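Structural overview for review
The chain contents come next:
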Amino acid sequence: MTTIRHHLDDATLVSYTSGALTNSMALVVACHLSVCGECRKRCGEMEVLGGEMLERLQPVDLSDAALQNLLDALDGEEASEPTPKAPSPPPADVPAPLWPYIDKPLDELAWKSLAPGFAYVDLPCQGTGASKLLRIAPGKSVLPHTHTGNELTMVLRGSFVDEVGRFASGDIADIDDAIEHQPLVDSPETCICLIATDGPLRFTSLLGRIVQPLTGF
Ligand SMILES: [Zn+2]
């Protein structure tokens, strides 16, 4: 794993710790947290801060029985979480939280061709927004686009450059609707990214608007 240079922004981490992100966005956050100690530390600090704020907002004395009921309910929630499908450890370029969704090494997935040099795999995330793996050949560029919501992109393999900077394995591009960007793959190997959006992309070129219905973003 190379040094991580691009991290989650504060707004995204606050949304994640408060459970306000869509499942598809939360998956990308969890994948980045699994490889980034710096963001894990910030996330932990926010959870502590959130807990302290809750304590101040709710100065209620719980009886022993009420407390036990609450703890039982929390235990029940944990027990009802889905167990990961894949018992084997993930390959080095697949973050652990992504592994139950794909269950196969990246090269063995059923990639769907989008255009020469572009392929994708849909991920089965519930709820609004979309979550995909995108595979782009060296030297290829995604069409320029802006967003109607937020877009989270984590690089799993290879690298790309855009107006913000250069993004390599483990890096996260945390982009809101103010930014228009055109990522270009600058690595000699194919670039594979995990991408989630909570609103449709707004392509700024005619070709982009034609392709958009095909990509589902
Ligand atoms: Zn980070």
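Going by the structure above, here's the rest.
What counts, and where the lines are drawn
- Residues numbered from 1 in each chain as written.
- Predicted model: local features only at pLDDT ≥ 70, side-chain atom pairs only at ≥ 80, totals over all residues.
- Heavy atoms only, no water.
- Helix = DSSP H or I, 4+ residues; strand = E, 2+ residues; numbered from the N terminus.
- Buried < 20%, exposed > 50% of the residue type's maximum accessible area, 1.4 Å probe, protein only.
- Contact = heavy atoms within 4.5 Å.
- Areas by Shrake-Rupley, 256 points an atom, 1.4 Å probe, with all protein chains shown as cover.
- Pairing = 2+ DSSP bridges.
- Salt bridge = Lys/Arg side-chain N within 4 Å of Asp/Glu carboxyl O.
- Donors = N, O, S within 2.8 Å, 3.2 Å for Na, K, Ca; no water.
- Tetrahedral: all angles 85-135°; square planar, octahedral: opposite > 155°, others 65-115°.

What follows deals with the overall build of the protein chain. Scanning the protein chain from terminus to terminus reveals 6 helices and 11 strands. Put simply, the protein chain has 217 residues, and 40% of those count as buried. At a minimum sequence separation of 6, the contacts of the protein chain that also span at least 24 residues come to 66%. Surface exposure of the protein chain reaches about 12,000 Å², of which carbon and sulfur atoms provide 56%.

Moving on, we come to the sheet that holds strand 7 (residues 166-167). Spatial strand order, 7-6-9: 3 strands in an open sheet with antiparallel pairing. Edge positions in the open sheet fall to strand 7 and strand 9 (184-185), since each of these has one partner strand only. Sheet topology note: the strand 6 (residues 160-161)/strand 7 ladder contains 2 bridges and is antiparallel. Across the sheet, the residue bridging to F160 is F167, located in strand 7.

Evaluation of the coordinates by the stated rule reveals 7 salt bridges. With its nearest N and O atoms 3.0 Å apart, the salt bridge here joins R157 to D107. Residue R157 is located in strand 5 (residues 151-157), and its partner D107 is located in the loop between helix 5 (99-102) and strand 1 (112-115); the two are separated by 50 residues in the primary sequence. R157 sits in the buried class, given a relative accessible area of 17%. The exposure class of D107 is exposed, given its relative accessible area of 60%. The salt bridge partner of D186 is R166, with a shortest N-O separation of 2.7 Å. On the criterion of sequence distance, the pair formed by D186 in the loop between strand 9 and strand 10 (191-197) and R166 in strand 7 is long-range, its members being 20 residues apart. One salt-bridge network, in which partners are shared between bridges, spans D93, D107 and R157.

Bringing the coordination of the zinc ion into the picture now. Here the zinc ion is held by H7 (ND1), H32 (NE2), C36 (SG) and C39 (SG), and the distances to it run 2.0 to 2.3 Å. For the zinc ion, the 4 donor atoms in the first shell make angles of 94 to 127° at the metal, a pattern classed as tetrahedral. All donor residues of the zinc ion come from one chain, and their arrangement in sequence is H-x24-H-x3-C-x2-C. With H7 in the segment before helix 1 (10-17) and C36 in the loop between helix 2 (23-35) and helix 3 (37-57), this pair connects stretches of sequence that are 29 residues apart. What makes C36 buried here is its relative accessible area of 3%.

In this fold, E180 is placed in the loop between strand 8 (172-175) and strand 9. When the C-alpha atoms of E180 and D162 are compared, they prove to be 9.6 Å apart, with 18 residues separating the residues in sequence.

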